[in-house]
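# Reading the structure
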Amino acid sequence: MVKVKILPDKENASEEVAGLLYDLIVQKPHAVIGVATGSTPELAYTLLADKINENNTDVSQLQFFALDEYIGLSWEHPESYHAVITRTVTEPLSLDPAQVHIPEAPDDATEGPVRYYDDKIAEAGGIDLQLLGIGRNGHVGFNEPGTPFDAPTHVGALTEMTRQDNSRFFEGGVDEVPPLAVTQGIGTILKSRKAVLMAFGEAKADAIRDALTEPPAEDRPGSSLQLHEDCVFYLDEAAAAKIDH
Ligand code: PGA
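Attention in this report is confined to the structure presented alongside it. What you see is a predicted model, and the numbers here were worked out from it, not measured in a lab. (Residues numbered from 1 in each chain as written. Predicted model: local features only at pLDDT ≥ 70, side-chain atom pairs only at ≥ 80, totals over all residues. Heavy atoms only, no water.)

### Remarks on the side chain of Ser80
Along the chain, Ser80 falls in the loop between strand E4 (68-70) and helix H3 (81-90). When residues no more than four places from it in sequence are discounted, the contact partners of Ser80 are Glu69, Leu73, Ser74 and Trp75. (Helix = DSSP H or I, 4+ residues; strand = E, 2+ residues; numbered from the N terminus. Contact = heavy atoms within 4.5 Å.)

The structure is reproduced here in structure tokens:
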């Protein structure tokens, strides 16, 4: 089931999500948190780090699992998700890198399941709260349209639209964006106890409409979240412009 919260802007929505994360961390010091990359969650991470640092909150027992990572991009590359998560989550929250897991697949992998990551999540007790963004084509993680809803963590190809959208992070443009990634599957995401998807800006309005108002279907990955037992979408007015509210 998906609940929708529409906030006036990204700042208000990020503040709410940071509060939700902070409350979880206080209530459950050994919580397992799924973290997304992309520009959408960055402010929520900054606000969460502020709360943790102001209150001297114990973060030593938390575990974090990233959603995805490019294939064939060195971890030292500033846009590898290893580097992005280090910069936006591990360092600001003063975590030990051993608390933060990022999926890996061999550089020569081209497709197929990567099951060790789902096993590792299960061994940690399962994800308590999974943060998500959504792509303009409705992808969640790097689950592009057509991904089966029961997919485990796997290697898959990125669409041209996704590579174009992510090229803004790469100095060398779209040619530098890897064509393949390893991602938690939709099946993995659906197992999280709670999922929180954030989307801001008018570019996401079609994907949000398709995720919420169309029946669940594999060509609309975001619509899979209708099958989640506890999912909340935090939207700004622009991202919510094409749904009734
Ligand atoms: P963004 O990406 O947060 O950079 O918009 C979201 C996504 O592609 O899932």
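### Observations regarding unusual backbone geometry
Positive phi outside glycine occurs at Asn56, with the angle close to 55°. Mapped onto the elements, Asn56 comes out in the loop between helix H2 (42-55) and strand E3 (63-66). Overall, the relative accessible area of 70% leaves Asn56 in the exposed class. Look at Ser94: it is not a glycine, yet its phi comes out positive at around 55°. When you line up the elements, Ser94 lands in the loop between H3 and strand E5 (100-101). (Buried < 20%, exposed > 50% of the residue type's maximum accessible area, 1.4 Å probe, protein only.)

### Describing the sheet that holds E4
Taken in spatial order, the four strands make up an open sheet running E4-E9-E8-E6, and their pairing is antiparallel. The sheet terminates laterally at E4 and strand E6 (112-113), the two strands that pair on one side only. Across three bridges, the pairing between E4 and strand E9 (residues 180-183) is antiparallel. Each bridged residue has a counterpart across the sheet, and for Tyr70 the counterpart in E9 is Ala181. (Pairing = 2+ DSSP bridges.)

### Thoughts on the nonpolar core
Of all hydrophobic cores here, the largest spans 60 residues; its most connected members are Phe64, Leu197 and Ile208. In terms of residue count, helix H1 (residues 10-27) provides more of this core than any other element does, seven residues in total. The residues touching Phe64, leaving out its near neighbours within four places in the chain, are Ile33, Val35, Val89, Leu93, Leu95, Gln99, Val100 and His101. Counting residues in each nonpolar core, the second largest holds nine residues, with Tyr70, Tyr81, Phe142 and Val177 among its members. (Core = buried A, V, L, I, M, F, W, Y, C linked by side-chain atoms within 4.5 Å.)

### Looking at the sheet that holds strand E7 (residues 129-132)
Taken together, seven strands build an open sheet; the order of strands is E1-E11-E10-E7-E2-E3-E5 and the sheet is parallel. Looking along the sheet, the strands with just one partner apiece sit at the ends: strand E1 (2-7) and E5. Note: E1 against strand E11 (residues 231-236), six bridges, orientation parallel. Bridge pairing in E11 places Leu7 opposite Asp236.

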